[in-house]
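Results of the structural survey
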Amino acid sequence: ENLRARDGIFKKAFYREYYVASGEPLTVKASYSETTGRSGYSCPYIAATFIPEKDKDYEVSLDIVKDKKLCRLQIVNIKQKDADIELVSIPLTQANKCSGD
């Protein structure tokens, strides 16, 4: 539902699903770059770490607000009860730099 609310190039819902280990730190890294004619917009790499919990479903998104020059990595826990869905923000910590990055 969160993806469907987007417009522009993000209008079409696109996602990938991954199974990850629970109870271990997971680092997510994202960036964005767009060039249209003579102008462009980009967000440098943003990386954050969190610890996924067993049997929970998460959504990761890079929220981009061009007019405010804002890029934000957001991770939410998707809680579903019957037909109701709730997105709960996950506290993130800044990722440590990996060797080779």
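In what follows, the accompanying structure is described. Keep in mind it's a predicted model, so treat the numbers as computed, not measured. (Residues numbered from 1 in each chain as written. Predicted model: local features only at pLDDT ≥ 70, side-chain atom pairs only at ≥ 80, totals over all residues. Heavy atoms only, no water.)

Structural notes on the packing of aromatic side chains
- Counted by the stated rule, this structure contains one aromatic pair.
- Sitting over the face of the ring of tyrosine 45, lysine 29 holds its NZ or CZ atom 4.4 Å from the ring centroid. (Phe/Tyr/Trp six-rings, centres within 6.5 Å; stacked < 30°, edge-to-face > 60°. Lys NZ or Arg CZ within 6 Å of the ring centre and 35° of its normal.)

Regarding the sheet that holds strand 2 (residues 39–50)
- Taken in spatial order, the three strands make up an open sheet running 1-2-6, and their pairing is antiparallel. Strand pairing shows two members of the sheet lacking a second neighbour, strand 1 (26–36) and strand 6 (93–94), which therefore form its edges. (Pairing = 2+ DSSP bridges. Helix = DSSP H or I, 4+ residues; strand = E, 2+ residues; numbered from the N terminus.)

Brief notes about the pairing of strand 2
- Pairing of strand 1 with strand 2 involves 10 bridges; the strand directions are antiparallel. Opposite threonine 35, over in strand 2, you have glycine 40 as the bridge partner.
- Connecting strand 1 to the next strand, strand 2, in antiparallel fashion are two residues, including glycine 37 with a positive phi near 65 degrees.
- As paired elements, strand 2 and strand 6 share two bridges and run antiparallel to each other. Among the inter-strand pairings, threonine 49 is bridged to a residue of strand 6, identified as threonine 93.

Some details on the sheet that holds strand 4 (residues 70–81)
- The three strands are arranged 3-4-5 in an open sheet whose pairing can be described as antiparallel. Strand pairing shows two members of the sheet lacking a second neighbour, strand 3 (57–65) and strand 5 (84–89), which therefore form its edges. Put simply, the sheet's adjacent strands are angled 35 degrees from each other on average, direction ignored.
- Pairing of strand 3 with strand 4, which is carried by nine bridges, proceeds in the antiparallel orientation. Looking at the pairing, aspartate 57 lines up with isoleucine 78 of strand 4. (Axes fitted to C-alpha atoms, helices over the stretch in contact; angles between N-to-C directions.)

A word on the nonpolar core
- With 12 residues, the main nonpolar core is built from Val28, Ala30, Tyr32, Tyr41, Cys43, Ala48, Phe50, Tyr58, Leu62, Cys71, Leu73 and Ile75.
- Among the secondary structure elements, those contributing two or more residues to this core are strand 1, strand 2, strand 3 and strand 4.
- Of all the elements, strand 2 adds the most residues to this core, at four residues.
- Ignoring anything within four residues of it in the chain, the contact list for alanine 48 reads Leu26, Thr27, Val28, Leu73, Leu92, Thr93 and Ala95. (Core = buried A, V, L, I, M, F, W, Y, C linked by side-chain atoms within 4.5 Å. Buried < 20%, exposed > 50% of the residue type's maximum accessible area, 1.4 Å probe, protein only. Contact = heavy atoms within 4.5 Å.)

Geometry only, nothing functional implied.
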